[in-house]
Amino acid sequence: MDVKILGAANEVGRSGFLVNCNGTKLLLDYGVMFGRRGTPPQYPIHVKPKDLDAIIITHAHLDHSGNVPSLFVSGNTDVYATPPTMDLSKMLIEDMLKIEKNAHPFGLPEVNNMMKNSKEIGFKQKVTKGNATFEFRESGHVIGGSTVLVESEKKRLFYTGDIKTNGSRMLREMDMDIGEIDLLITESTYAKTQQIPRKESEAQLIEFANEVMDRKGILFIPSFSVERSQEMACILRSANFKHKIIMDGMALKVNEIMFRHPEYLRDPKIFSEAIKSSTAIREHAERKRAMGEPCVVISPAGMLVGGNAVYYLQQLAFDSKNGIALVSYQGEGTPGKKLLDTGKVSTRGKDLNVTAEVKQFQFSGHADRTELFDMIKKIKGNPKVLAVHGDSESCDMFAQEIHEKFGFETYAPVVNDEITV
Ligand SMILES: [Zn+2]
Ligand SMILES: [Zn+2]
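All values derive from a computational prediction rather than experimental measurement.

If you trace the backbone, asparagine 255 turns up in helix α6 (residues 251–260). Overall, asparagine 255 belongs to the buried group, its relative accessible area being 5%. Sequence-wise, asparagine 255 and alanine 60 are 195 residues apart; in three dimensions their C-alpha atoms are separated by 15 Å. With residues near it in sequence (within four places) discarded, asparagine 255 still touches Gln230, Met247, Phe271 and Ile275.

Quick look at the structure:
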């Protein structure tokens, strides 16, 4: 079995790994990396669709799924994913095409072709293609999100995709009952970083929400539409939060998708209660009316880039009674990062001081350093290890530390590298 690294080498974005099982070729993920400040998006190394026996998508985030439609300009390879991953990938890719018109070498017809060739499978459901057998396992990272086990000629590969080993309020923990493996491809996003335990972040957020309600303000939570928004609603409802919770934007579409796949949630009942008791905003006229009393507003985008978040920011940022809770990662150069660093937002070309109270909370979907090493500790066998999906320092350090602590042969590969087991 050999693996060629197509992307996500010393970087986060454009994941892609080509696994060759004695002639049977599987593609694990095929994502995009968004260009910074107007530079074009980047993709994993090109592969010919006709050379592939199967395409396997670990989860819907665009750095893993976003370039899959490029394989359907002419191809018709089977695409395997869990049902929520298929639904969410379609939604996120269509949204990407809407926002970045003509930036990608494919359009809606290719997305439809991808869907026509999709084969939905659940966790632990084995599929055999030629010389290879593969299956998904739970990753704890996002709804429907998976790790992948590939087996061929007595060699076993485990690819983590993105993982949150402890899971979250929404998701069960990662499945580590995987047996002995010969090759591990692991994400390294937070290999250097320790995070505050989720329970503490939840308690901090609830306290902040109550403080803002007590002073009759409105709490704005800009949040990623996929699952972070729903998690915020669930945290507040589970803490018996009595005030109105408003949900807006693409998070509403995600609610519908999540309702269709309750078996992928840790606690479908709490999810259902939280969402059904919240107020959905579907028209512009409803927005202002809904904010007539102390309440919480949950709306994408998490980094305050575009959409309804801009409207809410203008309405809520300039009143000291209000609060803004940043619960998503804030990328360099985004309005969210600027707000955190300078306390200002841009309005009609002018930078204005925000008077609402701004606080940041840690709710990452990725395993932190402790969780990553706990995961490595549970690995059985003596695998070669590839550390990917992290900045170059994280990948290098993670690879080196795994070697020192566990004695495995480790690499922080570069694009085009090939590893054989
Ligand atoms: Zn992800
Ligand atoms: Zn990722």
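A separate point is the coordination of the zinc ion (ligand 1). Binding of the zinc ion (ligand 1) to the protein goes through His59 (NE2), His61 (ND1), His141 (NE2) and Asp162 (OD), at separations of 2.1 to 2.3 Å. Coordination at the zinc ion (ligand 1) is irregular: its four donor atoms span angles of 90 to 169 degrees at the metal.

Here the zinc ion (ligand 2) is held by Asp63 (OD), His64 (NE2), Asp162 (OD) and His389 (NE2), and the distances to it run 2.1 to 2.2 Å. On the primary sequence, the residues serving as donors to the zinc ion (ligand 2) are separated as D-H-x97-D-x226-H. Between the zinc ion (ligand 2) and the zinc ion (ligand 1) the interatomic distance amounts to 3.5 Å, and aspartate 162 serves as a bridging ligand to the pair. You can see histidine 64 sitting in helix α1 (residues 62–65) and its partner histidine 389 sitting in the loop between β20 (384–388) and α12 (392–406), a full 325 residues away along the chain. Each member of the pair, histidine 64 as well as histidine 389, carries the same accessibility label: buried.

Enumeration according to the criterion identifies nine aromatic pairs in this entry. Summarising the aromatic geometry, the rings of phenylalanine 406 and phenylalanine 408 are spaced 6.0 Å apart at their centres and angled 20 degrees between planes, so their arrangement reads as stacked. Between the NZ or CZ atom of lysine 405 and the centre of the ring of phenylalanine 373, over which it lies, the distance is 4.1 Å.

The next point concerns the environment of glycine 249. Structurally, glycine 249 is set in the loop between β13 (244–248) and α6. A relative accessible area of 23% places glycine 249 in the partly exposed class. Residues contacting glycine 249, with those up to four places away along its chain left out, are Pro300 and Asn308.

Bringing the sheet that holds strand β3 (residues 24–30) into the picture now. Ordered in space as β6-β5-β4-β3-β2-β1-β22, the seven strands form an open sheet in which the pairing is mixed. Looking at which strands have only one partner, the edges of the open sheet turn out to be β6 (118–120) and β22 (418–420). Adjacent strand axes in the sheet meet at a mean angle of 25 degrees, parallel and antiparallel pairs treated alike. Examined bridge by bridge, strand β4 (residues 54–56) and strand β5 (residues 79–81) share two bridges and lie parallel to one another. Directly across from isoleucine 56, in β5, lies its bridge partner tyrosine 80.

Let us now look at the side chain of serine 15. Within the fold, serine 15 resides in the loop between β1 (2–7) and β2 (16–21). Look past the residues within four positions of serine 15 in its chain and what remains in contact with it is Gly7, Ala8, Asp29, Tyr30, Gly31, Pro44, Asp63, His64, Tyr159 and His389.

Applying the stated criterion across every chain, the model contains 30 salt bridges. In this structure, arginine 198 engages glutamate 231 in a salt bridge whose closest nitrogen and oxygen atoms are separated by 3.0 Å. Taken together, the residues span a long stretch of sequence, with arginine 198 in helix α4 (residues 198–214) and glutamate 231 in helix α5 (residues 228–238) at a distance of 33 residues. Both residues of the pair, arginine 198 and glutamate 231, count as buried. One salt bridge connects glutamate 401 with lysine 405, and the closest N-O pair in it is separated by 3.2 Å. Here the residue glutamate 401 and the residue lysine 405 both occupy positions in helix α12, the gap between them amounting to four residues, near one helical turn.

Scoring rules and cut-offs
Residues numbered from 1 in each chain as written. Chains lettered and ligands numbered in written order. Predicted model: local features only at pLDDT ≥ 70, side-chain atom pairs only at ≥ 80, totals over all residues. Heavy atoms only, no water. Helix = DSSP H or I, 4+ residues; strand = E, 2+ residues; numbered from the N terminus. Buried < 20%, exposed > 50% of the residue type's maximum accessible area, 1.4 Å probe, protein only. Contact = heavy atoms within 4.5 Å. Donors = N, O, S within 2.8 Å, 3.2 Å for Na, K, Ca; no water. Tetrahedral: all angles 85-135°; square planar, octahedral: opposite > 155°, others 65-115°. Phe/Tyr/Trp six-rings, centres within 6.5 Å; stacked < 30°, edge-to-face > 60°. Lys NZ or Arg CZ within 6 Å of the ring centre and 35° of its normal. Pairing = 2+ DSSP bridges. Axes fitted to C-alpha atoms, helices over the stretch in contact; angles between N-to-C directions. Salt bridge = Lys/Arg side-chain N within 4 Å of Asp/Glu carboxyl O.

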